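Each chain, written out:
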Amino acid sequence: MSSLMDLVTSQLGGNLPDLSKALGTDEKQTGQAVSMALPAILGALSRNASQSDGAQSLTTALSRDHDGSILSNVAGFLNSGDTTTGDGILEHVLGSKRSRVEAGVSQGSGLDPATVTKLMTTLAPLVMGMLGKAQRENQLDANAMAGMLDSGRKEFESRDPQAAGLLSNLLDTDGDGDLDLGDMAKHGSGLLGKFLGGK
């Protein structure tokens with residue numbers, strides 16, 4: 001997951017001003033929210049793909065709907081304001097955990113819930129596009145895709161155990177109780193500095 005996040009970061013980094021403008025937020029706060037939202041989406045994908053039917057469902061969806069072409073014009077996609085595709089992806093990937101995850105990102109980043117929803121529905125197609133591109137270029141079958149996501153998850157856990165633990169709790173926990181993501185907002189996954197170019 002970590003290397004995948006680095007790849008998505010490389011796609012998004014130069015477009016952070018466009019993303020911030022679309023959301024109506026400043027770049028630092030946007031980057032902070034992205035540094036939590038990306039691992040949450042990828043973590044959920046990894047969990048789903050750990051089951052054979054989930055891995056097959058993912059590779060089928062990638063082959064059918066996500067060939068990576070979205071990455072050729074990220075700025076255009078960000079400016080389009082299209083959240084329909086992302087909404088469907090999040091419903092499938094996060095399911096009943098979606099509101100919980102969005103509330104956690106909102107709390108940790110300080111963005112209001114509606115803005116977090118827009119952010120995550122924008123990020124989801126980009127993540128799927130990145131996975132679809134990797135699938136096509138490396139001819140990955142369901143098992144290989146699951147393995148790539150699992151390797152990334154383990155790398156992320158090794159790189160930032162605290163943030164990984166918070167995300168695991170977020171994805172595991174049901175209910176409406178508060179989960180403090182303040183520490184993750186401070187330490188995050190190491191992506192915030194990359195987005196902001198050391199600002």
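Residues numbered from 1 in each chain as written. Predicted model: local features only at pLDDT ≥ 70, side-chain atom pairs only at ≥ 80, totals over all residues. Heavy atoms only, no water.

### Here's the deal with the nonpolar core
- Ranked by size, the top nonpolar core spans 52 residues in total, and within it Leu45 and Met120 carry the most contacts.
- Counting residues per element, this core draws most heavily on helix α3 (residues 27–49), which supplies 11 residues.
- Discounting chain neighbours no more than four positions away, the residues touching Leu45 are Leu58, Val93, Val127, Met128, Leu131 and Leu149. (Core = buried A, V, L, I, M, F, W, Y, C linked by side-chain atoms within 4.5 Å. Buried < 20%, exposed > 50% of the residue type's maximum accessible area, 1.4 Å probe, protein only. Helix = DSSP H or I, 4+ residues; strand = E, 2+ residues; numbered from the N terminus. Contact = heavy atoms within 4.5 Å.)

### A word on helix α6 (residues 84–94)
- Regarding α6, the residues found buried are Gly86, Ile89, Leu90, Val93 and Leu94. Projection of α6 onto a plane perpendicular to its axis shows the buried side chains occupying an angular sector of 100°, all on one side. Turned more than 90 degrees from where α6 packs its buried face, Thr84 and His92 sit exposed. (Arc of directions from axis to C-beta.)

### Things to note about helix α4 (residues 52–65)
- An ideal rise of 1.5 Å per residue puts 20 Å on 14 residues; α4 measures up with 20 Å between its terminal C-alpha atoms.
- Where α4 is concerned, the buried positions are Gly54, Ala55, Leu58, Thr59, Ala61 and Leu62. Down the axis of α4, the smallest arc covering the buried residues is 160°, so these residues share one side. Away from its buried face by more than 90 degrees, α4 exposes Ser52, Asp53, Ser63 and Arg64.
- Looking at the packing, one finds that the buried side of α4 touches α3, α8 (113–138) and α9 (142–159). (Expected span 1.5 Å × (residues − 1).)

As far as function goes, none of this settles anything; it's purely spatial.
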